[in-house]
Amino acid sequence: MESPVQLVEGTTSKKVFWSALGAGILTLALLLVSFGVSGVAYAVPIAGVGDFYVEFDKLVGTGYTFYPKMGETSSSDSAPQGTNLIENLTIDNLQLYKDFNVGGEWIRVKIAASKPVQISGLQHDAGLIQADAKFQNLVLQEKHSDDWQKQFKQTSSSIVLEHAKLKTHYLFQKTINMNGMKLTVEKINK
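A brief look at the structure comes next. (Residues numbered from 1 in each chain as written. Predicted model: local features only at pLDDT ≥ 70, side-chain atom pairs only at ≥ 80, totals over all residues. Heavy atoms only, no water.)

**Section: the nonpolar core**
- Of all hydrophobic cores here, the largest spans 23 residues; its most connected members are Phe56, Leu59 and Met178.
- Counting residues per element, the ones that place at least two in this core are strand S1 (41–71), strand S2 (79–92), strand S4 (105–113), strand S5 (117–136) and strand S7 (152–177). (Core = buried A, V, L, I, M, F, W, Y, C linked by side-chain atoms within 4.5 Å. Buried < 20%, exposed > 50% of the residue type's maximum accessible area, 1.4 Å probe, protein only. Helix = DSSP H or I, 4+ residues; strand = E, 2+ residues; numbered from the N terminus.)

**Some remarks on unusual backbone geometry**
- Located in the positive-phi region is asparagine 137, a residue other than glycine, with phi close to 55°.
- Within the secondary structure layout, asparagine 137 lies in the loop between S5 and strand S6 (139–142).
- We classify asparagine 137 as exposed; its relative accessible area is 60%.
- The phi dihedral of histidine 163 falls on the positive side, at around 55°, and the residue is not glycine.
- When you line up the elements, histidine 163 lands in strand S7.
- Exposure remark for histidine 163: the relative accessible area of 58% places this residue in the exposed category.

**Points about the environment of threonine 90**
- Along the chain, the position of threonine 90 falls in strand S2.
- Note: C-alpha distance between threonine 90 and leucine 59 (31 residues apart in sequence) is 5.7 Å.
- In this structure, threonine 90 is in contact with Lys58, Leu59, Val60, Pro116, Val117 and Gln118, ignoring residues within four places of it in sequence. (Contact = heavy atoms within 4.5 Å.)

**A short note on the pattern of salt bridges**
- Counted according to the given criterion, the structure contains five salt bridges.
- In this structure, glutamate 105 and lysine 187 form a salt bridge, with 3.6 Å as the shortest nitrogen-oxygen distance. Placement of glutamate 105 in strand S4 and of lysine 187 in strand S8 (residues 181–188) is noted, with a sequence separation of 82 residues between them.
- Here glutamate 105 falls in the partly exposed class, since its relative accessible area comes to 39%.
- Here glutamate 162 ties to lysine 134 by a salt bridge, and the two come within 3.8 Å at their closest N and O atoms. Separated by 28 residues along the polypeptide, glutamate 162 in strand S7 and lysine 134 in strand S5 bring together distant segments of the chain. (Salt bridge = Lys/Arg side-chain N within 4 Å of Asp/Glu carboxyl O.)

**Concerning the pairing of S5**
- Where S2 lies against S5, nine bridges are found, and the strand directions are antiparallel. Following the sheet pairing, isoleucine 86 is matched in S5 by leucine 122.
- Pairing geometry for S5 and S7, over 16 bridges, is antiparallel. In the sheet register, isoleucine 129 faces S7, and the bridge partner there is leucine 166. (Pairing = 2+ DSSP bridges.)

Everything listed here is a matter of geometry and, on its own, says nothing about what the molecule does.
In structure tokens, the structure reads:
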């Protein structure tokens, strides 16, 4: 009879991590096969992986709405965030990545697209957005409410973000067309 595995608090079990990562990559591979068949994914959420980052050269979108909220992250049950809703958008040089500390070594799981990405029905919850921004028909609106999350809203008929880096907690797209997609898992120095 084998003795049970004992984990020391503050360490990561490499066997558990690599098994979970393998299952995740297998699931992603199945998703990519569906991309290959249709070229389009429907209702794609990315949540529960904690703070991950989105970087791109340029985003051009229509039908933009922003409102503040408190939301869950990988390190907190409730943290201040902003929800960004965009009806239709195109992104150039999209890169999404998450860094993991595994037994003292850092690895990065990264998804990148070499061609423009078309998205409809985007919902994005962010803790930080750094970018050069341009809006058309920008409206900032306050409303009386006991719920602070309903007191402020920003809308715009169009949005352009350039040279952007976003700290993201939740990402959902109704449809995404991601030609030229590449998934990498690599060790990094941090």
